[in-house]
Amino acid sequence: MCSVVASDTENSSGMVVTIAAQIATIVAMSGGNQKVRDASERDAEACAAIYAPYVTDTVISFETAPPSPSEMADRIAAAVRTHAWVVLEDDGRVVGYAYGGPYKAREAYRWSCEVSVYVERGRRRTGGGRLLYDALFKGLAERGYRTAVAGMTLPNDASVGLHRAMGFEPIGTYRGIGWKHDGWHDVAWAQRPLATGDDPPDQPR
């Protein structure tokens with residue numbers, strides 16, 4: 001699901017080639033020593049620490065056991081290899097991340113991806129999610145992806161607002177689709193275009 005808070009349906013299938021140089025965009029964040037850059041496996045410990053409270057303390061993620069730094073490194077590696085993973089730094093410290101992964105395994109879905117964004121719990125509604133998504137979407141578009149899809153456990157006003165502001169349109173809501181923390185939870189889904197182009201589309205790269 002999505003948080004800013006983030007798209008869960010976490011894809012744990014092996015996640016290293018760096019994204020081509022032109023995708024390695026560093027986005028300066030106004031008003032501080034903050035920037036967005038491409039992630040590497042060296043960011044795994046920081047990303048795992050950011051993500052863990054969403055797993056243990058909330059229903060934003062439908063995982064029930066936080067991934068270890070080693071498992072997070074595998075996820076980063078797989079995402080960088082096929083899609084994109086970016087991190088937000090503040091004075092050199094990673095305080096948020098966003099990534100894309102396969103939407104579904106069936107071949108016809110290969111131009112679509114599922115995206116997620118997570119920031120430290122105290123940084124909600126500070127613009128970090130938007131900066132991360134801006135960089136992520138640019139990288140995904142440059143690799144040839146056409147559509148981004150995100151899921152959000154409800155209620156999550158911060159995530160719903162972020163995705164609306166980023167151009168996502170509602171698709172629908174799965175009712176009572178997940179059981180966690182002694183209750184059933186709804187998940188809303190939304191999508192937005194990443195790029196347009198001639199058809200048939202080139203293969204994602």
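Structure report, in brief. Residue positions are given per chain, counted from 1 along the sequence in the order it is written. Under the rules for a predicted model, residues below a pLDDT of 70 receive no local features and side-chain atom pairs below 80 are neither given nor counted, while totals for whole chains, interfaces and linings still include all residues. Excluding hydrogens and water, the side-chain values take into account all heavy atoms of the structure.

Structural notes on the overall build of the protein chain
Note the following rule: Helix and strand definitions follow DSSP, with helices as H or I runs of at least four residues and strands as E runs of at least two, each counted in order from the N terminus. For every residue, the accessible area obtained with a 1.4 Å probe (protein chains only) is divided by the maximum for its type, and the residue is called buried under 20%, exposed over 50%, and partly exposed between those limits. Accessible surface area values rest on a Shrake-Rupley calculation with a 1.4 Å probe, where residue burial reflects the displayed protein chains alone.
Looking only at helices and strands, the protein chain features four helices and eight strands. Element order for the protein chain, N to C, with α for helix and β for strand: β-β-α-α-β-β-β-α-β-α-β-β. Counting every position in the protein chain, which comprises 205 residues, the buried fraction comes to 50%. Accessible area of the protein chain: about 9,800 Å², with a carbon and sulfur share of 51%.

Describing helix α2 (residues 69–82)
Condition: Given the number of residues in a helix, its expected span is that number minus one, multiplied by 1.5 Å.
Given a rise of 1.5 Å per residue, 14 residues ought to cover 20 Å, and the 20 Å separating the end C-alpha atoms of α2 matches this to within 8%. Inspection of α2 places Met 72, Ala 73, Arg 75, Ile 76, Ala 77, Ala 78, Ala 79 and Val 80 among the buried residues, and these make up the whole buried set.

Side note on the layout of surface pockets
Take a probe with the size of a water molecule and roll it over the atoms, and the empty space left behind shows itself. So the rule is basically this: Using a grid of 1 Å spacing that covers the protein atoms alone, one calls a set of points a cavity when a 1.4 Å probe fits there but cannot get out, and a pocket when the set is open and has protein on both sides within 12 Å along at least five of seven lines; lining residues are those with an atom within 4 Å of a point. Grid points are joined across faces, edges and corners, and a volume is the space filled by probe spheres set on the points. Lys, Arg, Asp and Glu make up the charged group, whereas Ala, Val, Leu, Ile, Met, Phe, Trp, Tyr, Cys and Pro make up the nonpolar group; the residues left over, Gly among them, are polar.
Within this model, the second largest pocket holds a volume of roughly 170 Å³. Every residue along the wall of the second largest pocket is listed here: Met 152, Val 160, His 163, Arg 164, Phe 168, Glu 169, Pro 170, Gly 172, Thr 173, Ala 188, Trp 189 and Ala 190. Looking at the lining of the second largest pocket, the element that brings in the most residues is strand β7 (residues 169–180), giving four residues. When grouped by side-chain class, the residues that make up the lining of the second largest pocket number seven nonpolar, three polar and two charged.

Observations regarding the packing of aromatic side chains
Definition in use: Here a pair means two rings of Phe, Tyr or Trp (six-membered ring of Trp) with centres within 6.5 Å. Their orientation is stacked below 30 degrees between planes, edge-to-face above 60, and tilted elsewhere. A ring has a charge above it when a Lys NZ or an Arg CZ is no more than 6 Å from the ring centre and no more than 35 degrees off the ring normal.
In this structure the tally under the stated criterion is twelve aromatic pairs. Judged by centre distance (5.9 Å) and plane angle (55 degrees), the rings of Phe 137 and Phe 168 are tilted. Linking Phe 137 in helix α3 (residues 128–142) with Phe 168 in the loop between α4 (157–165) and β7, this pair joins segments that are 31 residues apart in sequence. Judged by its relative accessible area of 5%, Phe 137 falls in the buried class. Summarising the aromatic geometry, the rings of Trp 179 and Trp 184 are spaced 5.2 Å apart at their centres and angled 70 degrees between planes, so their arrangement reads as edge-to-face. Across this residue pair, the class does not change: Trp 179 and Trp 184 are exposed. Taken together through their ring pairs, the aromatic side chains of Tyr 51, Tyr 54, Trp 85, Tyr 97, Tyr 99 and Tyr 118 make up a single cluster. Cation over ring: Lys 104 sits above Tyr 103, and NZ or CZ is 5.4 Å from the ring centre.

Notes on the side chain of Asn 156
Defined as follows: Definition of a polar contact: a pair of N or O atoms within 3.5 Å, with one able to donate and the other able to accept a hydrogen when the atoms are protein atoms, and with sequence-neighbouring residues admitted only if both atoms are side-chain atoms.
Position of Asn 156 relative to the elements: it lies in the loop between β6 (147–153) and α4. Looking at Asn 156, the relative accessible area reads 6%, which means it is buried. A polar contact of 3.0 Å, which involves the side chain of Asn 156, links it to the backbone nitrogen of Ser 159.

Side note on the nonpolar core
For clarity, the threshold we go by: Nonpolar cores are built from buried Ala, Val, Leu, Ile, Met, Phe, Trp, Tyr and Cys residues. Side-chain atoms within 4.5 Å join them into one set. Any two residues having at least one pair of non-hydrogen atoms within 4.5 Å are treated as being in contact.
Membership of the largest hydrophobic core comes to 46 residues, with the highest contact counts inside it found for Trp 85, Tyr 97, Val 115, Tyr 133 and Phe 137. Of all elements in the fold, only α1 (44–57), α2, β3 (84–90), β4 (93–102), β5 (112–119), α3 and β6 reach the threshold of two or more residues within this core. Sequence-distant contacts of Tyr 97, defined by excluding residues within four places in its chain, comprise Cys 47, Ile 50, Tyr 51, Met 72, Trp 85, Val 86, Val 87, Ser 116, Val 117, Tyr 118 and Leu 132.

Here we look at unusual backbone geometry
Residues Leu 154 and Pro 155 are joined by a peptide bond in cis, for which omega reads -5 degrees. Its place among the elements puts Pro 155 in the loop between β6 and α4. Residue Pro 200 is bonded to the preceding Asp 199 through a cis peptide linkage, with omega at 0 degrees. Its identity is not glycine, yet Asp 91 carries a phi of approximately 55 degrees, on the positive side. Mapped onto the secondary structure, Asp 91 falls in the loop between β3 and β4. When its relative accessible area of 56% is taken as the criterion, Asp 91 is described as exposed.

Geometric values such as these leave the question of function open.
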